[in-house]
There are 2 protein chains.
Amino acid sequence: MSKMTPFKELVSYEEALKRIHKSIKPINRTESVPIEKALDRVLAQEIMANMSVPPFHRAAMDGYAVKAEETFGASSFKPKTLKLTEILHAGASSNEVLDKGECIQVATGSPVPKGADAVVMVEFTERSDNTVSILKPVYPGANISPKGEDVEEGQIVLEIGKQLFPARIGVLAALGREEATVYEKPRIAVVPTGTEIQEVGSPLKKGQIYDVNSYTLSSIITKNGAIPVKCKAVPDTADELRTTVKKLIHHDMIVFSGGSSVGEQDLLVRVVQEFGTVLFHGIQVKPGKPTLFSLIRGKPVFGMPGYPTSCLLNAYLLLAPAIRQMARLPPKIEKTVKVKLAKRVVSSTGRAQFLTVKIRDNQAYPVFKQSGAITSMTEADGYIILPINIDVVEKNEEVTVFLLD
Amino acid sequence: MSKMTPFKELVSYEEALKRIHKSIKPINRTESVPIEKALDRVLAQEIMANMSVPPFHRAAMDGYAVKAEETFGASSFKPKTLKLTEILHAGASSNEVLDKGECIQVATGSPVPKGADAVVMVEFTERSDNTVSILKPVYPGANISPKGEDVEEGQIVLEIGKQLFPARIGVLAALGREEATVYEKPRIAVVPTGTEIQEVGSPLKKGQIYDVNSYTLSSIITKNGAIPVKCKAVPDTADELRTTVKKLIHHDMIVFSGGSSVGEQDLLVRVVQEFGTVLFHGIQVKPGKPTLFSLIRGKPVFGMPGYPTSCLLNAYLLLAPAIRQMARLPPKIEKTVKVKLAKRVVSSTGRAQFLTVKIRDNQAYPVFKQSGAITSMTEADGYIILPINIDVVEKNEEVTVFLLD
């Protein structure tokens, strides 16, 4: 039993996040994607406007393009009458130059005809055959969106590093761009360890269980802007782990699951130490103590707990922030709700406890069964955190629930 | 000008949402997808466990499988000594039946050998060659996850309508399922109207502008669990609109943009009235008054404002909830932050105003330029709502920012 390694130093959750934050290098590879596929991607190029938006002086209202000074003094009692020389529907533009005493009917979006410097809204006019009575004066520029009002040619509209939210996709479209250069999504190898792990879809042999962690980890990876590369289960032997690390280290990150708890099978830590540096092995949270984080040739290598719930909760807590940083995404904005605790909970001492709960009628009900139970999390709406120094939270106390999605 | 239609009745935002909610039928078509592609989809089948999880009694710790009663009375001063008959690594199982006076070394996850009813943690043992000294008694069942502890065969683990979050993908994997039957994503036709609309990638002709709304609307559709079907711009004539409605009504929803403001070009409302029922045309919010919502043969048909910012903000406010309901997704949980307003804002009277802001140093700075300006939203982190009855919000007043993503 001498080969069993105890945990050396348990770090706090905050310290673990800090070490991750210091170690992760954001991705530098870029690719060009059509803007309709660029949603939520991170811009790797500065976008300078190669044109003005709007590209011409546009009517901002339905009405009549006029020379503003010819409307001065107009009122419903004493209208100014102009000759209607043309009717422009949206999309059409005029080749005429507006002359004194004339007006041209425009639709919202029409280019403002030359010679006109304002639009009178249709509400303040009366038309009869070929003349239009103006009932209210307008100032020069009224109801016109001047060329470049939204974007001026040569202006920087989006900087490198901006995430392409819908509005930003919109500004790329407004400039007529078909493609954008974005950072590649990190490619993350997901490797279950243990000979007892069977692939979903194949029958279980004696002593085997299905691979759960690859699927939950891949889900977290996908949700946080990276690409999971699911790999076959690797037996828990030093040689196999060495070979696997060498084979997969060309990925941007490797995430092992299982194999990092204290035990005779716990070889991953030692193998990782041969190639690189362990930054922490074990954190002061429950569930999920045995999480391993290391760097091999600058690449992050995680060892997640084997138990499905521990693995998944630690993926939310530690892996997701690491992936987002690598993918150059901003930290996730936590969605929280404050509700009352439906029943008293007792925390284990010495570790921050992340307790899964479901919310019913504005009350939080603990749903945690045991760290092995994936069903602990299928009913969970979120989790509450019981800090290290809190042993008991009483029924009806207000708690903050961090919602899972 | 007699053909110009004024807005008949402006409904409040709440009333608009209510009418949408009453009108949308959730999608009923289903499809089977591999579980690695099923993330965030909505389950269309009940999942009954066809096996137990774990599928056998599993060791929950590294240690020694024993008969519990043989450890009773053990202490570090007076250990009980057992004969070590076999060493099981994870994934291996024993064919032996544990006999009196014997123990078998097990790893976390090992099937518990027959004849054993407890596991003694390795920490409470001492090994010498072929014997193991037990330093602490265990009760029957100690450190064992019994078969079916997580999921019992025949149990319903997931109900119809559950969204497949990572943990739920995990439970499907735990049961060995390769596929899940989920509801199809709604297919939503996106149609810009107006002859001035040019496709991204083609050069602009005189009076033309690029299609922005199709891209922002498609982004909102994608983000809310549906599939956008981008269609070519349609000229604003009654005949073209009629033909388009007929051609596209086999989709689950049609979203027009532009063409629903008051003006001579405003034909969409009339065309929609020929085929179906207008549920509202115009809401009491700024920007975005002219939004149209109607039902044609039971299918929702939206007419969004043509101005990019109005269009996008109304898509967040009205279209997204409609899509989520159709896709059977739960209402979006709003992410909000409370910050101070960096400068005084004045609201237009008579309408709720949605004012885009960016957040810097815990202060909200209005970024709204004008409803035509897509750049109004590219810098926005979120929006604040100025209710109908509020005219002014002073600098330094606390406001709730609804974050856009």
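The residue count restarts for each chain, going from 1 along the sequence in the order it is written. Note on labels: chains are lettered from A, ligands numbered from 1, in written order. Local features in this predicted model are restricted to residues of pLDDT 70 or higher, and side-chain atom pairs are both shown and tallied only at a pLDDT of 80 or more, whereas totals for entire chains, interfaces and linings draw on every residue. Note that the side-chain values use all heavy atoms of the structure and ignore hydrogens as well as water.

Here we take up the packing of helix 3 (residues 213-223) of chain A against helix 6 (residues 308-326) of chain A. Residues and elements named next belong to chain A. Axis definition: a line fit to C-alpha positions, over the contact stretch in the case of helices; interaxial angles, taken between N-to-C directions, run 0 to 180 degrees. In this text, helices come from DSSP runs of H or I with a minimum length of four residues, and strands from runs of E with a minimum of two, each type numbered from the N-terminal end. Helix 6 packs onto helix 3 with a crossing angle of 25° between their chain directions and a minimal axis gap of 9 Å. The angle between helix 3 and helix 6 places the two elements in the roughly parallel class. Viewed along their axes, helix 3 and helix 6 form a crossing whose handedness is right-handed. Residue-level contacts link Asn-213, Thr-216, Leu-217, Ile-220, Ile-221 and Lys-223 of helix 3 to Pro-308, Cys-311, Leu-312, Ala-315, Tyr-316, Leu-319, Ala-320, Ile-323 and Arg-324 of helix 6. Think of it as three bins: nonpolar holds Ala, Val, Leu, Ile, Met, Phe, Trp, Tyr, Cys and Pro, charged holds Asp, Glu, Lys and Arg, and polar takes everything else, Gly as well. Grouping the constituent residues of the contact of helix 3 with helix 6 by class yields 11 nonpolar, 2 polar and 2 charged. Working definition: roughly parallel below 35 degrees, roughly antiparallel above 145 degrees, roughly perpendicular at 65 to 115 degrees, and oblique for all remaining angles. Definitions for this section: a left-handed crossing has its near helix turned counterclockwise from the far helix by less than a right angle. A right-handed crossing has that turn clockwise. Residue contacts follow a heavy-atom distance rule, with two residues in contact if any of their heavy atoms lie within 4.5 Å.

Each side of the interface is counted separately: chain B has 84 residues, and chain A has 84 residues. Buried area is calculated as the accessible area (1.4 Å probe) missing from two parts once they are joined, with the contributions of both summed. Together, the buried faces of chain B and chain A total about 6800 Å²; carbon and sulfur atoms form 60% of this surface. By salt bridge we mean one thing: a side-chain nitrogen of Lys or Arg within 4 Å of a carboxyl oxygen of Asp or Glu. Our enumeration of links across chain B and chain A arrives at 4 salt bridges. Residue Lys-223 of chain B is joined to Asp-40 of chain A by a salt bridge in which the shortest nitrogen-to-oxygen separation is 2.8 Å. Considering each element in turn, the side of chain B that touches chain A owes the most residues, 8 residues, to helix 2 (residues 166-174) of chain B. Residues of the side of chain B that touches chain A, tallied by class, amount to 41 nonpolar, 23 polar and 20 charged.

What follows is about the relation of the copies chain B and chain A. The fit set for superposing copies consists of C-alpha atoms from residues with pLDDT of at least 70 in both; the fit itself is least squares. Expressed as a screw transformation, the operator carrying chain B onto chain A has a rotation angle of 180° and an axial translation of 0.0 Å, and the superposed copies differ by an RMSD of 0.1 Å. As the rotation angle and translation indicate, the two copies are arranged about a two-fold axis. Considering only C-alpha atoms, the part of chain B nearest the rotation axis is Lys-335 of chain B, at 3.0 Å.

With that out of the way, let us pick up the sheet that holds strand 16 (residues 227-230) of chain A. Residue and element names in this part refer to chain A. Strands sit in the order 16-13-17-21-20-18 across an open sheet of 6 strands; the sheet is mixed. The open sheet has two free edges, formed respectively by strand 16 and strand 18 (277-281), since each of these has just one partner strand. Sheet twist, expressed as the average angle between the axes of neighbouring strands with direction ignored, equals 20°. What makes two strands pair is DSSP finding at least two bridges between them. Sheet topology places strand 20 (residues 292-296) next to strand 21 (residues 299-304); 5 bridges connect them, and they run antiparallel. Of the residues in strand 21, the one forming a bridge with Ile-296 is Lys-299.

Attention now goes to the domain arrangement of chain A. Residue ranges assigned to the domains are those given by an automatic or database domain assignment. Annotation of chain A at the domain level lists domain 1 (13-29 + 184-326), domain 2 (30-53 + 149-183), domain 3 (58-145) and domain 4 (336-403). Between the C-alpha centres of domain 2 of chain A and domain 3 of chain A the distance comes to 35 Å.

In this section: helix 1 (residues 13-23) of chain A. All names here are of chain A. Here helix 1 has its buried residues at Tyr-13, Ala-16, Ile-20 and Ser-23. Along helix 1, the residues classed as buried sweep out an arc of 95° about the axis, all on the same side. For helix 1, the exposed residues lying more than 90 degrees away from the buried face are Glu-14, His-21 and Lys-22. Against strand 18, strand 19 (285-286), strand 20, strand 21, helix 6 and strand 24 (352-360) lie the buried residues of helix 1. Working definition: with a 1.4 Å probe on protein chains only, accessible area under 20% of the residue-type maximum means buried, over 50% means exposed, and in between means partly exposed. Read the arc as the range of directions from the helix axis to the C-beta atoms.

For the purposes of this analysis, a disulfide is any pair of cysteine sulfur atoms at a distance within 2.5 Å. Under the defined criterion, the tally for this structure stands at 0 disulfides over all chains. Cys-311 of chain A forms no disulfide, and the closest cysteine sulfur to it belongs to Cys-231 of chain A, at a distance of 14 Å.

Here we take up the environment of Val-66 of chain A. Residues and elements named next belong to chain A. Summarising the element assignment, Val-66 is placed in strand 4 (residues 63-66). By relative accessible area, Val-66 is classed as buried at 0%. It is 9.7 Å that separates the C-alpha atoms of Val-66 and Ile-134, two residues lying 68 residues apart in sequence. Sequence-distant contacts of Val-66, defined by excluding residues within four places in its chain, comprise Thr-71, Leu-82, Leu-98, Cys-103, Ala-116, Asp-117, Ala-118, Val-120, Ile-134 and Val-138.

So, about the sheet that holds strand 20 (residues 292-296) of chain B. Residue and element names in this part refer to chain B. Read from one edge of the open sheet, 6 strands run 16-13-17-21-20-18, paired in mixed fashion. A strand with exactly one partner marks an edge of an open sheet, and here the two such strands are strand 16 (227-230) and strand 18 (277-281). Within this sheet the neighbouring strands show an average axis-to-axis angle of 20°, counted without direction. Across the sheet, helix 5 (residues 268-275) touches strand 17 (253-257), strand 18, strand 20 and strand 21 (299-304), and the angle it forms with strand 20 is around 25°.

Looking now at the pairing of strand 13 (residues 187-192) of chain A. Where a strand is regular, its side chains alternate between the two sheet faces. Residue and element names in this part refer to chain A. Among the 6 residues of strand 13, 5 are classified as buried, and the element is accordingly described as predominantly covered. Judged from the 4 bridges that link them, strand 13 and strand 16 form a sheet pairing that is parallel. Residue pairing in the sheet places Ile-188 in a bridge with Pro-228 of strand 16. Summarising the sheet, strand 13 and strand 17 (residues 253-257) pair through 5 bridges and their orientation is parallel.

In total, this model carries 22 salt bridges over all chains according to the counting rule given. A salt bridge links Asp-252 of chain B to Arg-29 of chain B; the shortest N-O distance between them is 2.8 Å. Highlighted residues: Asp-252 of chain B in the loop between helix 4 (238-248) and strand 17 and Arg-29 of chain B in the loop between helix 1 (13-23) and strand 1 (30-34), separated in sequence by 223 residues. Residue classification places Asp-252 of chain B among the buried residues on the basis of a relative accessible area of 9%. Residue Arg-29 of chain B is classed as partly exposed on the basis of its relative accessible area, which comes to 35%. Each of Arg-29, Glu-184 and Asp-252 of chain A takes part in one network of salt bridges that share partners.

This part takes up the pairing of strand 25 (residues 363-366) of chain B. Residues and elements named next belong to chain B. Note that strand 22 (residues 336-341) and strand 25 share 2 bridges and pair parallel. Note that in strand 25 the partner of Leu-341 across the bridge is Ala-364. Between strand 24 (residues 352-360) and strand 25, which pair antiparallel and follow one another directly, the connecting turn spans 2 residues, one of which, Asp-361, has a positive phi of 50°.

Below, the discussion takes up the packing of aromatic side chains. In this scheme Phe, Tyr and Trp rings, the latter by its six-membered ring, pair at centre separations within 6.5 Å, and the angle between planes marks the pair as stacked below 30 degrees, edge-to-face above 60, and tilted otherwise. All chains considered together, the criterion is met by 10 aromatic pairs over all chains. Between the aromatic rings of Tyr-13 of chain B and Phe-354 of chain B, the centroid separation amounts to 5.5 Å while the plane-to-plane angle is 85°, which identifies the pairing as edge-to-face. With Tyr-13 of chain B in helix 1 and Phe-354 of chain B in strand 24, this residue pair connects regions lying 341 residues apart in the sequence. Comparing Tyr-13 of chain B with Phe-354 of chain B shows no difference in burial state: the two are buried. Among the aromatic residues, those joined into a cluster by ring pairs are Tyr-13, Phe-354, Tyr-383 and Phe-402 of chain A. By the criterion adopted, a ring carries a charge over it if an Arg CZ or a Lys NZ lies within 6 Å of its centre and within 35 degrees of its normal. Looking at Lys-136 of chain A, its charged tip hangs above the ring of Phe-124 of chain A, at a distance of 4.3 Å from the centre.

Attention now moves to the confidence of the model for chain A. Do not read the fine detail of predicted coordinates wherever pLDDT is low. Residues and elements named next belong to chain A. Residue-level confidence of the predictor, termed pLDDT, takes values from 0 up to 100. Scored by pLDDT, chain A comes out at a mean of 90, with 94% of its residues at no less than 70. In the predicted structure, residues 1-6 sits below a pLDDT of 50 and forms 15 contacts with residues beyond four places in sequence or in another chain. Two numbers describe this predicted complex: its pTM, 0.91, and its ipTM, 0.90.

Another aspect to go through is the packing of helix 4 of chain B against helix 5 of chain B. Residues and elements named next belong to chain B. Their axes nearest at 9 Å, the elements helix 4 and helix 5 cross at an angle of 45°. Taken together, the axes of helix 4 and helix 5 are oblique relative to one another. Considering the relative orientation of helix 4 and helix 5, their crossing is right-handed. On the side of helix 4, the interface is formed by Ala-238, Leu-241, Arg-242, Val-245 and Lys-246, while helix 5 contributes Leu-268, Val-271, Glu-274 and Phe-275. Class assignment of the residues belonging to the contact of helix 4 with helix 5 gives a composition of 6 nonpolar, no polar and 3 charged.

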